[in-house]
Each structure stands twice: as structure tokens, then as C-alpha cells.
Amino acid sequence: MITGRRGALKLLYGGSLSVIAISQAPSAFAQAGPVYKDAAAPIPARVADLLARMTLEEKVEQIRTAWAAKGDMIDGLEFDPARASAAFPNGIGHVTRPSDKRGVPGVSEASGGTAANWRTPKQTVEFINALQRWALKDTRLGIPVLVHEESLHGYMATEATMFPQAIALAGSFDTDLMKRIQSVTAREVRSRGVPLVLSPVVDIVRDPRWGRIEETWGEDPYLTAEMGVAAVEGLQGPGKFEKLRDGKVFATLKHMTGHGQPEAGNNVAPAQLSERELRENFFPPFREIVRRCSVGSVMPSYNEIDGIPSHANTWLLGDILRGEWGFDGIIGSDYGGVHELATLHKVADNLEDAAHQALLAGVDSELPEGRAYATLVDAVNAGRVPVELVNTACARMLTLKFRAGLFENPYGNWELSRRITGNEEARALALEAARKSLCLLTNKNGTLPLDRATMGKVAVIGPNHAIARLGGYSSVPKQRISLIEGLRQVAPDAEFVTAQGVFITTSEDRSQDLIYLADREENLRLIEEAVAVASTADTIILAIGDTEQTSREGFAANHLGDRIDIDIVGEQNELVDALAALGKPLIVAAYNGRPPSWPNVVEKADAILECWYPGQEGGVAVAEAILGDINPGAKLPVTVLRNAGQVPYFYNHKPSARRGYLFDDKTPLFPFGHGLSYSEFAISEPRPSKTRYTRDEAIEVSVDVSNTGSRQGDEVVQLYITRTDLSVTLPVLELKGFERVSLEPGESRRLHFVIEPRQLSIWNRDMEEVNEAGPIALSAGNSSAALKSVNVEVI
């Protein structure tokens, strides 16, 4: 599966500018006019001209990055050209997160938490503009600096719009919404002078113990691919292109790959996956996005596959990504991913060897600091590393800068940024996104929606009732609204009483390394207080789940984020039991980044609304859903397990899986695609255009959906296939189409789906991609567990 270093040299011809083109560039470029400064010249010619003028030291700096080293270029928070020239005499290619204060003493290394960790928006623009003026005017060749930011569910910087977390947006099953969200994110980012974001995450996730599940779009490769294409088109603009459009940013696909099914659910752990598993499930989202979009960047994953860490995997990054798929953007490392070849994986002797292996695999930029690539000048001069490897990586980095238009205008625009960042349009979109991301899991006896006229006094209780949960990779938006604030805004005449119920952990600082559960004795006292408050009420709303501490990215041994137990932690179940014993209507608002595997809560609650981390406007959306002002329509993008003993569990399993267990139920708590409504819908069986198709024909299918209830609502119609009688086993179900529709009572609509031949291809026993003849069951419904089927045949 994995080729050696010698075979990896063919990667040198996989980028936008090959080493052959560089070596054949006229030597006269070194004395001629600066072609690279001519905006009308072809980008390959500009790159060749500039590369021919560069020293080795300048080339190496182009593939390095500064994060903590930002401290060497600033005085206080102000960019200092003299300090920058002293620290970076050969320029600097790439700066990490200009919006944060990293490099200033006393600032946490972790991302997020409080505004103290970031520059203000104006300070960010001023820093970037000063940095770029220095790069263009004070360095020998005037090469602008590439800067990047995080934007998982909105620009991770102060005052930017924070949308619902990724797992919540996946549940919307709305690609148009995703595109619009990412377009707003792109313009907020680009207005500050940033042309590259480290987003989206297109990992397939199959382990809810993994703390980063919130960052993903769930377990299905088709849903993830479609959401991924929509996200990249929102960030970059649609289709294939050479030069980045105004108000857009280059996207980065993360993390290639296998990250979402790590050994024992531990972040960074090995992905014990076969090539077939990779090709059938983990590759497709990356491949589809590369096929349809000019995605700017791909980030390798921290983990290893088949004994080879991704940052040194020439088969993964070279043969597959650049070779089979034709990717021609940059490959930027995950933070520390290159030097960890030596320090964590132990496959490199030292940092120089780590740099050599990463360059062979095709990693063009070392984030966040360039520790290993700093060794390359000496290594090349000593003949231990071929200069062609540096040339290739440098050429790709320069190509991206030319494509981004940085040589013409690398600056931010503070006045523009001030007008568009977190404005009313963005806020309205954040509210729409929160509304469309809410998933009604249970609703016994029609408990929801509450009737303002009959609900009486409402007790709003729980550790998440008075805090706006944003999730990981969040900053501090201009405003954020908690559940109790939303309820009081939506129902100003209602009577609400509140109680804490329990605390989950001892602090709310998500950058904190060591996490401790809250004191049990204090929580038991708080439960008694909550019961006393709830006893005076007629209805109980209980906001429980996770915090940004209890499910997060475990990026170091002293900063963990994964869990063995996938139930709610601390004394939350005891709080549920105590409130349920009162016999009053109990509505649970679930705030979390991992699927709600809470069997006790499902048994005791009268209704459960999955809120995920609903973003800055989430408090209003959740209040509206509980009170019936909106009708929840989201679905689960993941299977929800009964307990951790079922891991890994996913709907698209092979036929021989899921035989069952002694003394327990083999079924999930909630199936993939599940989600209820305050209305009722009827979905017809799929109607194919014919019953027999050749292997090169698309299968056209229509499905009718009707709102048979008494109120307007959204339904997500899902189309699956089942293939049998082939040369290899395939999943019992595979999602191949979905559409979210909004229908008035009594309204019907006919939906049309097309399954392309490429969507039917399989990897046969010889690991060849083919479309074999055989029967196909087409299934349609509103979840993976509620389907109607018909049969067709591929001949």
C-alpha cells in the first residue's frame, strides 16, 4: 500500500509547477525584469521567475510558519518592522492565526475561551497590514505573507459570527444553508486580510468517545461529501478556478484521514483501517470535493495508517491525493504534525529526518512554527536533502499566494470588516441555522410544543440553562443568547423560575489543561434546591449535557478531551431522576457536541430536543422550538448508541455485523437520519424511471412527500440503496440522496433524485473501481430505520 521515499519523488511533478518547469526557467530571469510582479503574466511563469531569484534560505522560509515567533515581530501588540527584519532576515512565508496574541507572555497556548486571548478586529487588521507592508517593502523580493485562521463554524476571532457547531449544521441536511453560512464566514475572514482558513473538517466519525466528533458532519460519506462541497463553494466560490474571487478564502480539507475512528477513541491514535475501508468510506468526501472544487489546501491527520503516520505517507498524500485525484493545491501540516514524526511516532531520527520525510510525502508548509523545516538549509547544503524537494514545496506555496492575489493586494479593510462582521444579516443567518439544526428526538404524548396558555409556571433548570454553549473552535461573538434569555425574549409574559441543578466541571475555561468534575456534595445540595424550585412550577425544562471542557480536542497528554463513558457525566442523571420523580412534564434540552447516548434520560424525559451547540443565537431558536413558534426539522447525522460497548456502530455496516449481544439490546438508541416533527409526513416508495439500467446509465428516481399534519413543517427525504450479489460485500444501506423540504399542511411535493454511475462503483477483489451488474434495492424514507423499498437491476 505504501510506497517508499524513492517512489515518492514522482510527487515532484504533481503540483501546479513542476521541478522540470523550474529547472528549465530561463536563467535570464535572474537579471531580467520582475515577471513575478506582472499581474497579467501566467501564474506558472511568475512562480518560475520568482523561484529563480530566490536563495535557499528564502525558499525555506516560504515553507515555514510563525506562531509563537509572532512575539519576535511585535512590540507589545504592535508590529515592529525593525524587529521583524532582525528576526526574519529572509522573510517569512506563513503566519499562524494573526487574530490571536500568541507570542505575548502569559497568553494560553490553547485556542479559545475569553477575549483576552485575541486581538480586537481592528488590531488584527492593523497587524496584518503592517506585516504585509513590511513583507512587500522591507524584504529583498517583496513576497507577501500567507496568513491563516480557523473557521470551523464561523471565523474564530472576536466579534465574528458564531454559527451552530459542525455536527449541528450536518443535522440540518441543508446544503444551501451550509453554502450561505460559509459565504458569510469567508467575507468576515477575508475583510481582515486573511486568504486561507483551516476548514472544513470532512472526517468520517464512527466513535462517540472521540472528543472531536463535534467538529465533523457525522458518519456518512455521502452526507459529508455534499456538505463539504457546499462548504468549500461557500468559502471559495463554486467550481474550478485559477484566481480567488473577492470576498472569498481558500479552504483546507481536514484531516486526511481515518481520524474519526481512532484506536480506543483516543485523539491521534492509530486508525486501524484497511485500504478497502479507506476507499469505501473515508476517502470519498475528500475525493468528491477535490473532483468538484479547486480546493486550496489539504491537511494530513495526526494519526497513522498501516504503520505510516499521515505526514510521512507518500501513498496517501502522493499516490492517492495528488496522483489518483489530481489535487494541485498545497498540503499544510496539522499543528506539530511534522516534528511529531520524530517526537511522537518515532519514525524519524530527528527533526531534520522528519522534515525530509514530510517533504517526500508532499507536505508543503509546516504549521504552526516550522520547527523541523528550520533544519533544511543545513541539510540541503550538506547534501542530505535534495534541493528539488524544497523547490517543489516553495513553488506550491508561491502558486497559492499568486492565486490568492496577495502580490497585488494582501491587505485587510477595517472599514469593510467593521460593517460586515457580525452584522444584522449575519445574525439573522445564525438564527436561521440554529432553527434548522434542532432535532426533536422524543416527544411522548405530544408534550411539545408547550402551550403558553396552559404551561403555567415553568422551571428552567440545569447546568446549561443560563450559558450559551458555542463548542470548540469558537471565539467571542458580538452577542450570544442563553436558553433562559431566549425564553424570556420569546415569551415575555410567561413566568419562569430557575435553578442551577448541578455544575458539570469546576470551571468554564475551555483552554484549561486539567479538567475536574464539580464537587459531588455541592451538586447533591444543588439538586435539592432544584427540586424545591421545580415543585413550585407546572412544567420543567432541563438543560443538560456537555461543556466545552467535557468533550473537546485532546491535543496533548496533559490536555485530554476523549471519554470512555458516553453518558452524561457528574450528577446529571441524578438530577434527571429527582426532577422526573415530581411527575411534572419534563422537557430536556440537550446541549452537547457528542451524540446524546443517555438511556436514562430517554426513559425519564417526556420530550428531548437535541440542540447540539446551537451558536450565538441558539437561545432564541431553542425557546422558539419549545414554545412552538418554529417546528424542528433536523435529523441525526450520526447513530446514537445505547452504551460504549457498541462502539464502533454506524448504520452503513456490512451484512455480517450486528448479530447481537447477550443480556443487551443490539439496536441503537436512535438511528441515523432520525428526527421528529410537530407535524406528520407521508413519504412514498421510490419510483425509478425504469427497472433495468446499464452500468453507464444514471438511475432516476422520484419520491412523493406530503404534509399530512396540521401545521407547517420541514421533512428530510432520504434515498438509500442496497447492493447484493456482487464480488465483494457492501453495506446494508448507503445514503445516495437527500432533500429537505418545507411543506404547509396538506401540501405535497414530488422530489427527483439522480444516482450517477460513479455513485454505484465498487472496489472489486482486485481493488479496481468498477460498476458490477446486480440487483439494487432503492429505499426512501425519513430515517435509515423507516424506509419503503423497490427493486431495480443493473445489467
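All figures in this text were calculated on a predicted structure; none of them were measured in a lab. Residue positions are given per chain, counting from 1 as you read along its sequence in written order. With pLDDT at 70 or above as the cut-off, local features in this predicted model cover only qualifying residues; side-chain atom pairs require 80 or more to be listed or tallied, and sums for whole chains, interfaces and linings still use all residues. Values shown for side chains rest on all heavy atoms present in the structure; no hydrogens or waters enter the calculation.

Student: Account for the overall build of the protein, with residues named and values stated.
Tutor: Going along the chain from the N terminus, every DSSP run of H or I of four or more residues is numbered as a helix, and every run of E of two or more is numbered as a strand. Helix and strand counts for the protein stand at 22 helices and 28 strands. Between the two quantities, the radius of gyration covers C-alpha atoms and the globule rule is 2.2 Å times the number of residues to the power 0.38. For a compact globule of 795 residues, the expected C-alpha radius of gyration is about 28 Å, and the protein comes in at 27 Å, within 12% of that figure. For the C-alpha atoms alone, the extent of the protein along its principal axes is close to 85 × 65 × 45 Å. Buried residues in the protein amount to 64% of all 795 residues. Remark: exposure states derive from per-residue accessible area (1.4 Å probe, protein chains only) relative to the maximum for the residue type, with buried under 20%, exposed over 50%, and partly exposed in between.

Student: Can you tell me about the packing of helix 8 (residues 175-191) against helix 17 (residues 424-437), naming the residues and giving the values?
Tutor: Note on definitions: angles span 0 to 180 degrees between N-to-C directions of axes, and those axes are lines fitted to C-alpha atoms, for helices only across the stretch in contact. Across the interface, helix 8 lies against helix 17 with an axial gap of 11 Å and an inter-helix angle of 145°. Pair helix 8 / helix 17 crosses with left-handed handedness. In contact with Leu177, Arg180, Ile181, Val184, Arg187 and Glu188 of helix 8, helix 17 contributes Glu425, Ala426, Leu429, Glu432, Ala433 and Lys436. Note: crossing handedness is left-handed where the near helix turns anticlockwise from the far helix by less than a right angle, and right-handed where it turns clockwise. Residue contacts follow a heavy-atom distance rule, with two residues in contact if any of their heavy atoms lie within 4.5 Å.

Student: Tell me about unusual backbone geometry, residues and numbers included.
Tutor: With an omega dihedral of -5°, the bond running from Met256 to Thr257 counts as a cis peptide bond. Following Val647, the chain continues to Pro648 via a peptide bond in cis, the omega torsion being -5°. At Arg658, a position not held by glycine, the phi torsion is positive, near 65°. In this fold, Arg658 is placed in the loop between helix 22 (618-627) and strand 18 (681-683). Take Arg658: its relative accessible area is 21%, and that puts it in the partly exposed class. The backbone phi angle of Met767 is positive, close to 55°, even though this residue is not glycine. Relative to the helices and strands, Met767 is located in the loop between strand 25 (762-763) and strand 26 (769-770).

Student: A description of the packing of helix 18 (residues 483-490) against helix 22 should follow, citing residues and the corresponding values.
Tutor: It is the contact of helix 18 with helix 22, at a shortest axis distance of 7 Å, that shows an interaxial angle of 60°. With respect to helix 22, the element helix 18 is oriented oblique. For helix 18 against helix 22, the interelement crossing comes out right-handed. Packed against helix 18, whose contacting residues are Leu483, Gly486, Leu487, Gln489 and Val490, the element helix 22 presents Gly619, Val620, Val622, Ala623, Glu624, Ile626 and Leu627 at the interface. Here the term charged refers only to Asp, Glu, Lys and Arg, the term nonpolar to Ala, Val, Leu, Ile, Met, Phe, Trp, Tyr, Cys and Pro, and the term polar to all other amino acids, Gly among them. Its residues assigned to classes, the contact of helix 18 with helix 22 comprises 8 nonpolar, 3 polar and 1 charged. Each angle gets one of four labels, with under 35 degrees taken as roughly parallel, over 145 as roughly antiparallel, 65 to 115 as roughly perpendicular, and the rest as oblique.

Student: Lay out the packing of aromatic side chains with the relevant residues and their values.
Tutor: Here is the rule: rings of Phe, Tyr and Trp (six-membered ring for Trp) pair when centre to centre is within 6.5 Å. Planes less than 30 degrees apart are stacked, more than 60 are edge-to-face, and the remainder are tilted. Tallied over the entire structure, the rule returns 13 aromatic pairs. Here the aromatic rings of Tyr222 and Phe738 are separated by 5.9 Å at their centres, their planes lie at 80°, and the arrangement is edge-to-face. Placement of Tyr222 in helix 9 (residues 221-236) and of Phe738 in strand 23 (residues 734-743) is noted, with a sequence separation of 516 residues between them. Of the residues examined, Phe738 reaches a relative accessible area of 14% and is grouped as buried. Pairwise contacts between aromatic rings join Phe173, Tyr222, Tyr651, Phe672, Tyr720 and Phe738 into one cluster. Two conditions define a charge sitting above a ring: the NZ of Lys or the CZ of Arg must be within 6 Å of the ring centre, and it must be within 35 degrees of the ring normal. Positioned over the ring face of Trp763 is Arg279, at 4.4 Å from the centre of the ring.

Student: How would you sum up the sheet that holds strand 27 (residues 774-783)? Please name residues and give values.
Tutor: Any two strands with at least two DSSP-identified bridges between them are counted as paired. The strand order across the open sheet built from 5 strands is 20-28-27-22-23, with neighbouring strands paired in mixed fashion. Of all strands in the sheet, those bounded by a partner on one side alone are strand 20 (692-693) and strand 23. Relative to strand 28 (residues 786-794), strand 27 runs antiparallel, the two being bridged by 9 bridges. Within strand 28, the residue paired with Ile776 across the bridge is Val792.

Student: Pulling in residues and values, what's your account of the sheet that holds strand 4 (residues 94-96)?
Tutor: Strand order in the open sheet formed by 4 strands is 1-4-5-6, and the pairing between neighbours is parallel. Edge positions in the open sheet fall to strand 1 (65-66) and strand 6 (196-197), since each of these has one partner strand only. For strand 4 and strand 5 (residues 146-149), the ladder comprises 3 bridges, and the chain directions are parallel. Bridge pairing links Thr96 to His148 in strand 5.

Student: Please give an account of the environment of Gln272 that cites residues and values.
Tutor: Within the fold, Gln272 resides in the loop between strand 7 (252-256) and helix 10 (275-292). In sequence terms Gln272 and Asp306 are 34 residues apart; their C-alpha atoms lie 7.0 Å from each other. Polar contact is the term for a pair of N or O atoms within 3.5 Å; when the atoms are in protein, one must be able to donate a hydrogen and the other to accept it, and sequence-neighboring residues count only if both atoms are side-chain atoms. Of note is the side chain of Gln272, whose polar atom sits 2.7 Å from the side chain of Glu263.

Student: Any chance you could break down the pattern of salt bridges for me, citing the residues and the numbers?
Tutor: Salt bridge, as used here, is a side-chain nitrogen of Lys or Arg placed within 4 Å of a carboxyl oxygen of Asp or Glu. Tallying each qualifying case throughout the model produces 52 salt bridges. Two residues, Glu288 and Arg758, come together in a salt bridge whose shortest N-O distance is 3.2 Å. With a gap of 470 residues between them, Glu288 in helix 10 and Arg758 in the loop between strand 24 (748-755) and strand 25 connect regions that are remote in the sequence. Taking the shortest distance from any N to any O, the salt bridge between Asp577 and Lys604 comes out at 2.7 Å. Residue Asp577 is found in helix 20 (residues 572-580), and its partner Lys604 is found in helix 21 (residues 599-604); the two are separated by 27 residues along the sequence. A relative accessible area of 32% places Asp577 in the partly exposed class. Residue Lys604 is classed as partly exposed on the basis of its relative accessible area of 27%.

Student: Explain the confidence of the model for the protein to me, and be specific about the residues and the numbers.
Tutor: For the protein, mean pLDDT is 93; residues scoring 70 or higher make up 94% of the total. Known as pLDDT, the predictor's per-residue confidence is scaled from 0 to 100. Low pLDDT, under 50, characterises residues 1-31; the predicted model gives this stretch 60 contacts beyond four residues in sequence or across chains. Note that pLDDT drops below 50 for residues 105-114; the model gives that stretch 22 contacts with residues more than four away or on any other chain.

Student: With reference to specific residues and values, describe the side chain of Arg740.
Tutor: Mapped onto the fold, Arg740 is located in strand 23. Only 2.9 Å separates the side chain of Arg740 from the backbone oxygen of Lys436, close enough to count as a polar contact. Other than its neighbours up to four places away in sequence, Arg740 contacts Ser172, Phe173, Lys436, Gly633, Ala634, Asp714, Glu715 and Val716.

Student: Provide a residue-level description of the side chain of Arg190, including the pertinent values.
Tutor: The topology assignment puts Arg190 in helix 8. Nearest to the buried, unbridged Arg190 among oppositely charged side chains is Asp246, at 6.3 Å. Lys and Arg are tallied as positive, Asp and Glu as negative. Neither His nor the chain termini are counted.

Student: Which residues make up helix 18, and what are the values?
Tutor: Along helix 18, the positions that sit buried rather than exposed are Leu483, Ile484, Gly486, Leu487 and Val490. Down the axis of helix 18, the sector holding all buried residues measures 160°, keeping them to one side. Taken together, the buried residues of helix 18 touch strand 13 (458-461), strand 14 (496-499), strand 15 (539-545), strand 16 (586-591) and helix 22. Arc definition: directions from the helix axis to the C-beta atoms.

Student: Give me the environment of Leu735: which residues, what numbers.
Tutor: Looking at where Leu735 falls in the secondary structure, it is placed in strand 23. Classification of Leu735 as buried rests on a relative accessible area of 2%. C-alpha separation for the pair Leu735 and Lys122, spaced 613 residues apart in sequence, amounts to 45 Å. Ignoring any residue separated from it by four or fewer positions in sequence, one finds Leu735 in contact with Asp220, Tyr222, Leu223, Tyr651, Phe672, Gln718, Leu719 and Tyr720.

Student: Help me get a handle on the pairing of strand 17 (residues 607-610), residues and values and all.
Tutor: Burial along strand 17 is two-sided: Ala607 and Leu609 facing one way and Ile608 and Glu610 facing the other are all buried. Direction of pairing for strand 16 relative to strand 17: parallel, over a ladder of 4 bridges. For Val588, the partnering residue across the bridge sits in strand 17 and is Ile608. You can see the chain leave strand 16, run along helix 21 and come back into strand 17, and the turn it takes is right-handed. Clockwise travel from the first strand over the helix to the second, with the strands pointing away from the viewer, marks a crossover as right-handed.

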